[in-house]
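Coordinates in review
Now for the letters of each chain:
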Amino acid sequence: MIEKVLIITKKEILENIKSVKYWAIVGLFVLLYLSSTYAIGFALRGLGQQGIQRRERVVLTLSSQVANTMSYIAPLIGIALGFGAVAAERDKGTIRLVLARPIYRDALINGKVIAAFILIVLAVLASTLIAVPLAISVQGVNVTLDDFTRLVFVTVPASLLALAYYTMALFVSVNAGRSSQALVVSLSMWIFFSFILPIISSFIAFQILGPPPAMPFNATRPFQPGQGSRQFAEYYGKYSQIVNTIQIMSPNARYTSLINALFALRQSGSYETLTSSLGARWLDVVVLLFYIAAFAIPSYVLFLRRQETR
Amino acid sequence: MGEYVIETQDLVKVYKDRSGVVKALDGVSLKVPKAVLFGLFGPNGSGKTTLISILVGLQLPTSGSAQVLGFDCVRESIEVRKRVGLLPENYGFYESMTAYENLEYLGKLDGIPVQELKRRIPEVLELVGLKEWINSKVKSFSRGMTQRLALAQALLKDPEILLLDEPTLGLDPQGSTMFRKLMEEFVKSGKSVLISTHLLHELGYICTQAAFLRKGKLVAQGSIEELAKVYSKEKGYSYELLVAEDVELLVKELMKLEGVIHVSFENDKVRVRASEDISDELASLVGKFRVKAMVPISPTWDELYQFYQGGGWE
């Protein structure tokens, strides 16, 4: 049984690693990441910060760019691997040749899920390990081992996010009549969580809170530090609370929250420890794991029950 | 396992789709003997593909049971699939992989050791005439070449039974000849082949036993002689006589025989159609009219197909 699973896993990995689709997504991440970090570096230099003097500031900029870029790309890696996992095999008819062999149906789906996990980790690691050192050299700063470890550690939540989207796409793939259908539905989910839900949650927050407080401004007197900041802080505190509540079940939001925790700084300027960062954001991990389980288990059960009628 | 390699009992398969309930198989009880080339004939939608899918466990029957080589197709489908080579009607290969890689993957899933695959893959590709394309990607293959590769994958594990669904679709005449020879060799080695098709003119004559499916029901099964006998009882018996002289006299004599429906002739050939078996009566005329040869004419596969699909026997 396990032998057949490994045969399927190996074939899936080799087939994807040789595909243009897979490396195009990795390339897209590297490109987006490099261009966005370069643009930010350029802007900061333009503001007169002399090549960005504060090291942690640069690292935070880089990490937020990894997070930002990855929050779009990781779901695409998951979707690219998931939407066709079963539906494309049905479309092409390969599933009939495979299932006519002495294998159990669960061997096929297990092999595909294991391969997807490996391919996701590989894609996320490859993307990060190519893009981050390149970006660091472009910015011209030295990073400590701790910075680098944390930048690499970003791959864990990114892999969880990609896996969450993979299992969603797999669920759609198991149930879809065609792989094109599966792709459309999977991309719709990505668009919803990446673009529509943030807009909806902002809209709702503004509807509840009303417009932000006006900044008191008197041109005849110099601006007082702290002036109006309490009102702003209160307003945006409430705003964030509403937006976060609405997006509590959004995998993208949970991923971003997890990344922010990884790079949270103490008063001293050093990072929070990994355990305390993760301890504070356990809900983010739970939500991402929930997505993986909530879609992987029904996909598995439905695939086992389904018959090949085409 | 008894004398049959495939047996089904009252097999029923019901689908539920948007248009309602579809009965793809309706109480099919099929028996396929050992070491025969068995034809499963019927038009599109008659249930042939569903029946084959149930035999290899791709689908489950709604009711009834099926056994292949004595193994239950539901409870022991893994055992069935270890011994059966399937060429489905709708299939595909991994197009970014070569012919060798596709067969290697499927062979490994069959449980064939890697060393044996290294020997076996070139061997089956040679059999189907694809050896020189062993390292070509499948996406460069024509329809006919893909069909040959599909046959190769079915033969890969050297199965005891081959289940072939429309096996000659897309094959050129050379490919069809190769296929027929291959199947005859396969049966000669004591193995069995079930061919599902609606192309009787191409495959009918290599089958020694057959079954006809119509709208999910098995309307007839048996040896070609048995099937022809039923046909003749209903449609009449035909004979051809080769006569040296006195053709017109013979025709007059034939018209007098009881049961004769129609007599026609052209040059030295006389054709007789009768409602009953008149071979004894004709034999008595052989000496009288210098008949060089008298042969009963068997119905063609197309005639049998039309007959059984038209409801001549149920």
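Rules behind the numbers
Residues numbered from 1 in each chain as written. Chains lettered and ligands numbered in written order. Predicted model: local features only at pLDDT ≥ 70, side-chain atom pairs only at ≥ 80, totals over all residues. Heavy atoms only, no water. Helix = DSSP H or I, 4+ residues; strand = E, 2+ residues; numbered from the N terminus. Buried < 20%, exposed > 50% of the residue type's maximum accessible area, 1.4 Å probe, protein only. Areas by Shrake-Rupley, 256 points an atom, 1.4 Å probe, with all protein chains shown as cover. Patch = residues over 30% accessible without salt bridge, like charges linked within 9 Å, V, L, I, M, F, W, Y side chains within 5 Å. Salt bridge = Lys/Arg side-chain N within 4 Å of Asp/Glu carboxyl O. Domains from an automatic or database assignment. Contact = heavy atoms within 4.5 Å. Polar contact = N/O pair within 3.5 Å; in protein donor to acceptor, adjacent residues only side chain to side chain. Nonpolar A, V, L, I, M, F, W, Y, C, P; charged D, E, K, R; others polar. 1 Å grid on protein atoms, 1.4 Å probe; cavity = no way out; pocket = protein on both sides within 12 Å on 5 of 7 lines; lining within 4 Å. Points joined across faces, edges and corners; volume = space filled by probe spheres on them. Pairing = 2+ DSSP bridges. Axes fitted to C-alpha atoms, helices over the stretch in contact; angles between N-to-C directions. Core = buried A, V, L, I, M, F, W, Y, C linked by side-chain atoms within 4.5 Å. Left-handed = near helix turned anticlockwise from the far one by under 90°. pLDDT = per-residue confidence, 0-100. Arc of directions from axis to C-beta.

**Description of the overall build of chain A**
Tallying secondary structure elements over chain A gives 13 helices and zero strands in all. Helices and strands appear in chain A in the N-to-C order α-α-α-α-α-α-α-α-α-α-α-α-α. In chain A, buried positions account for 48% of the 310 residues. About 14,900 Å² of surface is accessible on chain A, with carbon and sulfur atoms providing 68% of the total.

**Details of a nonpolar patch on the surface**
Residues and elements named next belong to chain A. A cluster of nonpolar side chains, namely Tyr 72, Ile 191, Phe 192, Phe 195, Ile 196, Ile 200, Phe 203, Ile 204 and Ile 208, defines an oily patch on the protein surface of about 760 Å² accessible area. If you tally residues by element for the nonpolar patch, the top one is helix α9 (residues 179-209), at eight residues. You can see Ile 196 is positioned in helix α9. A residue is classified by how much of its surface remains accessible, and Ile 196, at 38% relative accessible area, is partly exposed.

**Describing the pattern of salt bridges**
Oppositely charged side chains may form a pair once their charged atoms are brought near each other. Residues and elements named next belong to chain B. Applying the stated criterion across every chain, the model contains 25 salt bridges over all chains. A salt bridge links Lys 217 to Asp 26, with the nearest nitrogen and oxygen atoms 3.8 Å apart. Of this pair, Lys 217 sits in strand β11 (residues 217-223) while Asp 26 sits in strand β2 (residues 20-28), and the two are 191 residues apart along the sequence.

**A closer look at the domain arrangement of chain B**
Many structure descriptions define interface size as the accessible area lost when the parts assemble. All names here are of chain B. Here chain B is partitioned into domain 1 (4-228) and domain 2 (236-309). Taking only C-alpha atoms into account, the centre of domain 1 sits 40 Å from that of domain 2. Linking domain 1 with domain 2 are zero salt bridges. Of all the secondary-structure elements, those providing two or more residues to the side of domain 1 that touches domain 2 are α7 (200-203), β10 (209-214), β11 and α8 (224-235). Looking at which element gives the most residues to the side of domain 1 that touches domain 2, the answer is β10, with four residues.

**A short note on the interface of chain A and chain B**
Opposite the 24 residues of chain A that make contact, chain B presents 28 residues. Our count for the chain A to chain B interface comes out at two salt bridges. For Arg 101 of chain A, the salt bridge identified is with Asp 110 of chain B, shortest N-O distance 3.0 Å. Inspection of the region where chain A meets chain B yields 14 residue pairs in polar contact (both at pLDDT 80 or more). Mapped onto the side of chain A that touches chain B, the elements with two or more residues apiece are α1 (2-17), α4 (87-92) and α5 (94-99) of chain A. Class assignment of the residues belonging to the side of chain A that touches chain B gives a composition of nine nonpolar, four polar and 11 charged.

**As for the layout of surface pockets**
What the largest pocket holds in volume is close to 930 Å³. Residue lining of the largest pocket: 36 residues in total, with Lys 11, Glu 12, Glu 15 and Asn 16 of chain A together with Ser 96 of chain B positioned closest to the centre. Top element by residues in the lining of the largest pocket is α1 of chain A. It accounts for seven residues. Of the residues in the lining of the largest pocket, the class split is 15 nonpolar, six polar and 15 charged.

**Quick word on the sheet that holds strand β4 (residues 37-41) of chain B**
Residues and elements named next belong to chain B. The mixed open sheet is built from six strands, whose spatial order is β7-β8-β9-β4-β10-β11. Looking at strand neighbours, the two that pair on one side only are β7 (84-87) and β11, the edges of this open sheet. The mean angle between the axes of side-by-side strands here comes to 15°, regardless of whether they run parallel or antiparallel. When β4 meets strand β9 (residues 192-197), the two strands line up parallel, connected through five bridges. Note on β9: the bridge partner recorded for Phe 38 is Leu 194. Each of β10 and β11 is contacted by α8, which is oriented at about 115° to β11, the strand it contacts most.

**Observations regarding the nonpolar core**
Ranked by internal contacts, the top residues of the largest apolar core, which has 146 residues, are Leu 151 and Leu 163 of chain B. Broken down by element, this core gets its largest block of residues, 14 residues, from helix α6 (residues 105-139) of chain A.

**Some thoughts on unusual backbone geometry**
All names here are of chain B. Phi is positive for Asp 10, close to 45°, though the residue is something other than glycine. Residue placement: Asp 10 occurs in strand β1 (residues 4-17). In this structure, Glu 166 is a non-glycine residue whose phi angle is positive, near 50°. Residue placement: Glu 166 occurs in the loop between β8 (161-165) and α6 (173-188). What makes Glu 166 buried here is its relative accessible area of 2%.

**Some words on the environment of Tyr 271 of chain A**
Checked against the element boundaries, Tyr 271 of chain A lands in the loop between α11 (251-262) and α12 (274-280). Sequence separation between Tyr 271 of chain A and Arg 150 of chain A is 121 residues, and the spatial gap between their C-alpha atoms is 9.5 Å.

**Looking at helix α1 (residues 48-55) of chain B**
Summarising burial for α1 of chain B: seven of the eight residues are buried, a large majority. Positive phi shows up at Gly 57 of chain B, right after α1 of chain B, with a value of about 85°.

**Notes on the packing of α11 of chain A against helix α13 (residues 282-305) of chain A**
Residues and elements named next belong to chain A. At a closest axis distance of 9 Å, the pairing of α11 and α13 adopts a crossing angle of 145°. Considering only the axes of α11 and α13, their crossing is left-handed. Across the interface between the two elements, Pro 251, Arg 254, Tyr 255, Ser 257 and Leu 258 of α11 pack against Asp 284, Val 285, Val 287, Leu 288 and Tyr 291 of α13.

**Points about the confidence of the model for chain A**
On average, residues of chain A carry a pLDDT of 84, and 85% of them reach 70 or more. Across chain A, the element-wise mean pLDDT spans from 76 in α12 of chain A up to 95 in α5 of chain A.

**Topic: helix α9 (residues 247-256) of chain B**
Residue and element names in this part refer to chain B. Where α9 is concerned, the buried positions are Val 247, Leu 250, Val 251 and Leu 254. Buried residues of α9, viewed axially, fall in a sector of 100°; they line one side. The exposed set on the far side of α9, more than 90 degrees from its buried face, consists of Glu 248, Lys 252 and Lys 256. Along its buried surface, α9 packs onto β12 (237-243), β13 (260-266), β14 (269-274), α10 (279-288) and β15 (291-297).

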